[in-house]
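# Chain and residue survey
These are the residues of each chain, in order.
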Amino acid sequence: MSTIELKLAELGLTLPPDWKPRGQFLPFRRDGSTVYLSGQINEWDGAVTLEGPVPNSDEGIAAARKAAEVCALNLLYRLREAVDGDLDQVDCILRLGGFVNCASGFPHSPRVIDGATELFLALFGDSGWHARTAVGVSGLPGNAAVEVDAVVRLKG
């Protein structure tokens, strides 16, 4: 078990079970030491954990932050596949793209996507810092509340 997976366990978190993508695309593409991870919605074992649009309330934002964490766990699952099971090969998280299913004018997309950012920081420390986009959209696959994609650099 990788150091990253041990840290996940310490946080009381696990990686999700495998799932079938909702479209025709690769879950990741590896180019040398760079891994491009396809967007992952807040889905667990085939079920969307929180549907959108995200309400503009403290409770809605808190639930959406948790949904963003689920997206990050899904990204880590696919990243583990890309590195043949060894998440300790990760050098740094280069970029996250975050999408929040919300009404026009919703001002808290960055706060929502912080749910994914904070997990990467907890697991990778300073190497978890990344460039990021956090935007509001009018819909996501499965009416999910959140979707996150990532670009990761590997060691060596």
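The notes below deal with the structure included here. (Residues numbered from 1 in each chain as written. Predicted model: local features only at pLDDT ≥ 70, side-chain atom pairs only at ≥ 80, totals over all residues. Heavy atoms only, no water.)

### A look at the sheet that holds strand 7 (residues 146-154)
Across the sheet, 5 strands lie side by side as 1-2-7-5-6; this open sheet has mixed pairing. Each edge of the open sheet is held by one strand with a lone partner, namely strand 1 (28-31) and strand 6 (131-137). Shown here is a sheet whose adjacent strand axes are inclined to one another by a mean of 15°, direction ignored. By the bridge criterion, 4 bridges tie strand 1 to strand 2 (residues 34-41) in an arrangement that is antiparallel. In the strand pairing of strand 2, aspartate 31 is matched with threonine 34. (Pairing = 2+ DSSP bridges. Helix = DSSP H or I, 4+ residues; strand = E, 2+ residues; numbered from the N terminus. Axes fitted to C-alpha atoms, helices over the stretch in contact; angles between N-to-C directions.)

### A look at the nonpolar core
Membership of the largest hydrophobic core comes to 41 residues, with the highest contact counts inside it found for Leu76, Leu79, Val146 and Val152. Mapped by element, the contributors of at least two residues to this core are helix 1 (3-10), strand 2, helix 2 (58-82), strand 5 (90-101), helix 3 (109-124) and strand 7. In terms of residues, this core owes the most to one element, helix 2, which gives 12 residues. Setting aside residues no more than four positions away along its own chain, valine 146 makes contact with Gln40, Ile41, Asn42, Ala64, Ala67, Ala68, Cys71, Phe99, Val112, Ile113 and Leu140. (Core = buried A, V, L, I, M, F, W, Y, C linked by side-chain atoms within 4.5 Å. Buried < 20%, exposed > 50% of the residue type's maximum accessible area, 1.4 Å probe, protein only. Contact = heavy atoms within 4.5 Å.)

### Some remarks on the packing of aromatic side chains
According to the stated counting rule, one finds 2 aromatic pairs in the structure shown. Aromatic pair tryptophan 19 and tyrosine 77: ring centres 5.3 Å apart, planes at 50°, arrangement tilted. Placement of tryptophan 19 in the loop between helix 1 and strand 1 and of tyrosine 77 in helix 2 is noted, with a sequence separation of 58 residues between them. Of the two residues, tryptophan 19 and tyrosine 77, both sit in the buried class. Here phenylalanine 120 and phenylalanine 124 contribute two aromatic rings whose centre-to-centre distance is 6.3 Å and whose plane-to-plane angle is 20°, an arrangement assigned as stacked. Of the two residues, phenylalanine 120 and phenylalanine 124 both sit in helix 3, 4 residues apart, roughly one turn of that helix. Judged by relative accessible area, which is 2%, phenylalanine 120 ranks as buried. Positioned over the ring face of tryptophan 19 is arginine 78, at 4.0 Å from the centre of the ring. (Phe/Tyr/Trp six-rings, centres within 6.5 Å; stacked < 30°, edge-to-face > 60°. Lys NZ or Arg CZ within 6 Å of the ring centre and 35° of its normal.)

### Brief notes about the pattern of salt bridges
Enumeration over the complete set of coordinates arrives at 10 salt bridges. Ionic pairing is found between glutamate 5 and arginine 80, a salt bridge with its closest N-O pair at 2.9 Å. Within this pair, whereas glutamate 5 is found in helix 1, its partner arginine 80 is found in helix 2, the two being separated by 75 residues in sequence. With its nearest N and O atoms 3.5 Å apart, the salt bridge here joins aspartate 149 to arginine 95. Here aspartate 149, found in strand 7, pairs with arginine 95, found in strand 5; they are 54 residues apart in sequence, far enough to count as distant. One continuous salt-bridge network, built from bridges that share partners, spans Arg65, Asp114, Glu118 and Arg132. (Salt bridge = Lys/Arg side-chain N within 4 Å of Asp/Glu carboxyl O.)

Purely geometric numbers; function is a separate question.
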